[in-house]
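Fold and geometry: a report
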Amino acid sequence: MLIKTIHGWRIPENRATPEHVFFNRRKFIAAAGFAGIGLAAGIRPGRAAENPSAGLYPAPVNEMYKDAGRPITPEEVNTTYNNFYEFGTSKRISQAAEALKIRPWEIAFEGEVEQPFKLAFDELLKKMQLEQRVYRHRCVEAWSMTVPWSGFALKDLVALAKPTSNAKFVKFETFFNPDIAPEQKPPLFGAGYPWPYAEGLTMAEAMNDLAFMVTGAYGKPVAKSMGAPIRLHLPWKYGFKSIKSINKITFTAERPRSFWETLGPSEYGFWANVNPAVAHPRWSQAEERVLETGEKIPTVIFNGYGEQVASLYAGMDSLGDKLYR
Ligand SMILES: Nc1nc2c(c(=O)[nH]1)N[C@H]1C(S)=C(S)[C@@H](COP(=O)(O)O)O[C@H]1N2
Ligand SMILES: [Mo]
């Protein structure tokens, strides 16, 4: 059995970390006035000045995605309330994630491609046209946020990689470095987690315009806690599909197995499309808690992006296992 501990995700919503403790502290800092705000800004992760690509942001707004119909989650909330299991199983990993070295950073393109290759992240940025898109994000744990991302369409990256006709899926992997990521150290007992974190999509999903490679957020390079230097965001799927800090992309003929699917296939399956009608085995997915405000709102099929993605799943049972898992 690979599961060594009870993960945050496995805890029912009503037993999850009490956010109000944190958010009250934040409000207190804000109320303390200018000095307090300055202090908060000084310790914010992902400071633009240290990052060679800072000048590329803010990127031009893509008019189609300029408004996600919800207020944007405050930056300091988003950069300090994270799921990034490499750095810890709590939501408070932003300081630990600062240990991640994001230069030099290379991405390997492998598998069913005309010619495997590696590309430095800054070289990739030069080849891509950056744009800003505001997306809603729904975590499988039933909380949600709204983020102004910057980046480029995944389909443009696929075009760059030149997959062969044998490619039916694309697999993404995160770095593996136990020296800086404490959870990647081998455990004293048991098998531990199946690192590196991995995720996968069908080629049709990867070619959908919504699938977005994120390199920035809030008008600057994306913070380490949020997946610097490059992550995926798939707004119609549960958040665990949106893999962070990617350094390898492999095109495959067979469906790849993801990190969470390996750990709990009945709970975190391959498709993982947001679906309020299909409960997680241990909690309802009918509602979500909006980060920062704590408001509870109904969850919408495909997180409200059905117009763009529903056709990808035509013929699948929308209320059954397949769409969720
Ligand atoms: N490499 C890696 N990517 C990851 C995760 C992770 O633990 N490791 N967590 C996922 C989950 S469950 C969510 S909800 C989002 C959270 O992104 P955020 O911290 O930017 O809100 O990242 C996803 N990508
Ligand atoms: Mo998540």
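Calculation rules
- Residues numbered from 1 in each chain as written.
- Chains lettered and ligands numbered in written order.
- Predicted model: local features only at pLDDT ≥ 70, side-chain atom pairs only at ≥ 80, totals over all residues.
- Heavy atoms only, no water.
- Helix = DSSP H or I, 4+ residues; strand = E, 2+ residues; numbered from the N terminus.
- Contact = heavy atoms within 4.5 Å.
- Areas by Shrake-Rupley, 256 points an atom, 1.4 Å probe, with all protein chains shown as cover.
- Pairing = 2+ DSSP bridges.
- Axes fitted to C-alpha atoms, helices over the stretch in contact; angles between N-to-C directions.
- Phe/Tyr/Trp six-rings, centres within 6.5 Å; stacked < 30°, edge-to-face > 60°.
- Lys NZ or Arg CZ within 6 Å of the ring centre and 35° of its normal.
- Buried < 20%, exposed > 50% of the residue type's maximum accessible area, 1.4 Å probe, protein only.
- Core = buried A, V, L, I, M, F, W, Y, C linked by side-chain atoms within 4.5 Å.
- Arc of directions from axis to C-beta.
- pLDDT = per-residue confidence, 0-100.
- Salt bridge = Lys/Arg side-chain N within 4 Å of Asp/Glu carboxyl O.

In terms of helices and strands, the chain carries 10 helices and 12 strands. Residue pairs at least 24 apart in sequence account for 75% of intrachain contacts in the chain once pairs closer than 6 positions are excluded. On the chain, roughly 14,300 Å² of surface is accessible, and the fraction owed to carbon and sulfur atoms is 57%.

Time to look at the sheet that holds strand β5 (residues 169-174). With mixed pairing, the 5 strands of this open sheet are ordered in space as β2-β1-β10-β5-β6. Whereas interior strands pair on both sides, the edge strands pair on one side only; in this sheet they are β2 (117-120) and β6 (198-202). Across this sheet, the average inter-strand angle for adjacent strands is 20 degrees, counted without regard to direction. For strand β1 (residues 106-111) and β2, the ladder comprises 4 bridges, and the chain directions are antiparallel. By the bridge assignment, I107 is partnered in β2 with L119.

Before going further, it helps to examine the packing of aromatic side chains. According to the stated counting rule, one finds 22 aromatic pairs in the structure shown. On the basis of an interplanar angle of 85 degrees and a centroid distance of 5.2 Å, the ring pair of Y85 and W260 is categorised as edge-to-face. Placement of the pair is Y85 in the loop between α3 (75-78) and α4 (94-97) and W260 in helix α8 (residues 259-263), with a sequence separation of 175 residues. Here F109 and F117 contribute two aromatic rings whose centre-to-centre distance is 4.6 Å and whose plane-to-plane angle is 10 degrees, an arrangement assigned as stacked. Ring pairing ties together the aromatic residues Y85, Y193, W195, Y197, F240, F259, W260 and Y268, which thus form one cluster. Sitting above the plane of the Y305 ring, R136 keeps its charged end 4.3 Å from the centroid. When the ring centre of F270 is taken as reference, the NZ or CZ atom of K241 above it lies at 4.4 Å.

In terms of residue burial, strand β7 (residues 212-217) counts as a mostly covered element, since 6 of its 6 residues are buried. As defined by bridge partners, strand β4 (residues 143-153) adjoins β7 across 5 bridges and the pair is classed as antiparallel. By the bridge assignment for β7, A153 is matched with F212. Where β7 and strand β9 (residues 231-233) come together, 3 bridges link them in antiparallel fashion. Residue pairing for β9: V214 is matched across the bridge by R231. Strand direction decides the pairing type here: β7 and strand β8 (residues 220-221), joined by 2 bridges, are antiparallel. Pairing of A217 across the sheet is with K220, part of β8. With antiparallel pairing between neighbouring strands as the criterion, β7 and β8 make up a hairpin whose turn holds 2 residues, including Y218 at a positive phi of roughly 55 degrees.

Glancing now at the nonpolar core. By size, the foremost hydrophobic cluster in this structure holds 80 residues, and its most contacted members are W149, L154 and F172. Looking at this core, the element that brings in the most residues is β4, giving 5 residues. When sequence neighbours within four positions are dropped, the list of residues in contact with F172 reads L154, Y197, A198, E199, L201, M213, L232, I243, I246, K248 and I249.

Let us look at helix α6 (residues 154-161). Since there are 3.6 residues in each turn of an α-helix, residues three or four apart along the chain are aligned in direction. Of the residues making up α6, those classed as buried are L154, L157, V158 and A161. Along the axis of α6, the buried residues cluster in a sector spanning 105 degrees; they form a single face. Positive phi appears at K162, one or two residues downstream of α6, with a value of about 55 degrees.

Looking now at the environment of T164. With respect to the helices and strands, T164 occurs in the loop between α6 and β5. Taking the relative accessible area as the measure of exposure, T164 reaches 25% and is therefore partly exposed. Setting aside chain neighbours within four positions, we find T164 in contact with E112, V113 and E114.

This part covers the confidence of the model for the chain. Taken residue by residue, the chain gives an average pLDDT of 86. The fraction at 70 or more is 82%. Counting interchain partners and residues more than four positions distant, the pLDDT-below-50 stretch residues 1-48 has 72 contacts.

What follows covers the pattern of salt bridges. Scanning the entire structure with this criterion turns up 15 salt bridges. Between K241 and E199 there is a salt bridge, with its nearest N and O atoms 2.7 Å apart. You can see K241 sitting in the loop between β9 and β10 (246-252) and its partner E199 sitting in strand β6, a full 42 residues away along the chain. E199 shares its class with K241; the two are buried. What emerges from the salt-bridge pattern is a single network uniting E131, R133, K155 and D209.

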